[in-house]
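# Observations on chain architecture
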Amino acid sequence: DDSYKIDIVIFPKSPEKDFDALYNRLKQVTEDQKYAIYRHLSPIFARNCTPTRSVLEHVLTDPAYKDAGTITFLSDGLPTTSVAGSTDCPQDPYRDVLSFVKGLNKGKRVINTIGVGKDYRSKTSKDPKVVFMKEMAKQNKGFYIGF
């Protein structure tokens with residue numbers, strides 16, 4: 001409802017750009033806003049890289065998001081780094097990313113995680129990407145769900 005403010009930050013935006021925001025600020029939720037968000041999300045598809053560290057650093061440090069009490073992080077893969085202009089996506093060790101995010105967040109915001117894809121549907125999965133998403137939610141007082 002209109003007591004919430006929201007922005008959508010997509011990552012990666014392209015091989016040249018790690019992320020892009022719909023508004024680059026928190027905006028009041030209205031009925032029209034909901035449809036604008038749906039239209040913004042509709043064309044999204046997997047783009048190979050998952051620049052988790054980069055996008056979360058942006059959201060956790062940019063003044064535009066200083067009032068965001070909750071972040072919902074949706075992903076289908078392990079963190080990677082981006083190589084500008086390339087589709088190469090070297091792994092970004094997920095335990096390092098967890099430590100980085102926890103250090104930046106300092107318990108200030110709840111981070112919920114949503115894993116997308118068949119690997120996330122098993123409650124007992126030991127897949128590293130599932131472990132990563134569960135651990136990020138746990139370390140930041142959020143919930144995890146996979147679908």
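Structure's up top.
A quick note: this is a predicted structure, and the numbers were derived from the prediction, not measured. (Residues numbered from 1 in each chain as written. Predicted model: local features only at pLDDT ≥ 70, side-chain atom pairs only at ≥ 80, totals over all residues. Heavy atoms only, no water.)

### Topic: the state of the cysteines
- Considering all chains together, one arrives at one disulfide under this definition.
- One disulfide bridge connects C49 with C89, the sulfur atoms lying 1.7 Å from each other. The sign of the -70° torsion about the S-S bond sets the C49-C89 disulfide as left-handed. Of this pair, C49 sits in the loop between α1 (31-41) and α2 (52-61) while C89 sits in the loop between β5 (70-75) and α3 (94-105), and the two are 40 residues apart along the sequence.
- Using a relative accessible area of 18% as the deciding quantity, one classes C89 as buried. (Disulfide = S-S within 2.5 Å. Helix = DSSP H or I, 4+ residues; strand = E, 2+ residues; numbered from the N terminus. Buried < 20%, exposed > 50% of the residue type's maximum accessible area, 1.4 Å probe, protein only.)

### With respect to the environment of Q91
- Assignment of secondary structure puts Q91 in the loop between β5 and α3.
- Residue Q91 is classed as exposed on the basis of its relative accessible area of 54%.
- Along the sequence, Q91 and N112 sit 21 residues apart, while their C-alpha atoms lie 22 Å from each other.

### Here's the deal with the side chain of N140
- With respect to the helices, strands and loops of the structure, N140 is situated in the loop between α4 (128-139) and β7 (144-146).
- Classification of N140 by relative accessible area gives buried; the value is 2%.
- Apart from residues no more than four positions distant in its own chain, N140 is found in contact with V101, K102, N105, R109, V110 and I111. (Contact = heavy atoms within 4.5 Å.)

### Description of the sheet that holds strand β6 (residues 110-115)
- Taken in spatial order, the three strands of this open sheet run β5-β6-β7, and their pairing is parallel. Two strands in the sheet have a free side with no partner beyond their single neighbour: β5 and β7. The average undirected angle you get between the axes of adjacent strands in this sheet is 15°.
- Looking at chain direction, β5 and β6 are connected through six bridges and run parallel. Its bridge partner being in β6, T70 is matched across the sheet by V110. (Pairing = 2+ DSSP bridges. Axes fitted to C-alpha atoms, helices over the stretch in contact; angles between N-to-C directions.)

### A short note on the packing of aromatic side chains
- A full pass over the atoms with the stated rule returns three aromatic pairs.
- With centroids separated by 5.2 Å and ring planes inclined at 20°, the aromatic side chains of F11 and F73 adopt a geometry described as stacked. Residue F11 is located in the loop between β2 (9-10) and β3 (20-21), and its partner F73 is located in strand β5; the two are separated by 62 residues in the primary sequence.
- For F11, a relative accessible area of 17% puts it in the buried group. (Phe/Tyr/Trp six-rings, centres within 6.5 Å; stacked < 30°, edge-to-face > 60°.)

### Describing the packing of α3 against α4
- Contact geometry of α3 with α4 gives a least axis separation of 10 Å together with a crossing angle of 15°. In terms of orientation, α3 lies roughly parallel with respect to α4. In the crossing of α3 with α4, the sense of the turn from one axis to the other is right-handed. Each of Y94, V97, L98, V101 and K102 in α3 lies in contact with α4, whose residues at this interface are P128, V131, F132, E135, M136 and Q139.
- Of the residues in the contact of α3 with α4, the class split is eight nonpolar, one polar and two charged. (Parallel < 35°, antiparallel > 145°, perpendicular 65-115°, else oblique. Left-handed = near helix turned anticlockwise from the far one by under 90°. Nonpolar A, V, L, I, M, F, W, Y, C, P; charged D, E, K, R; others polar.)

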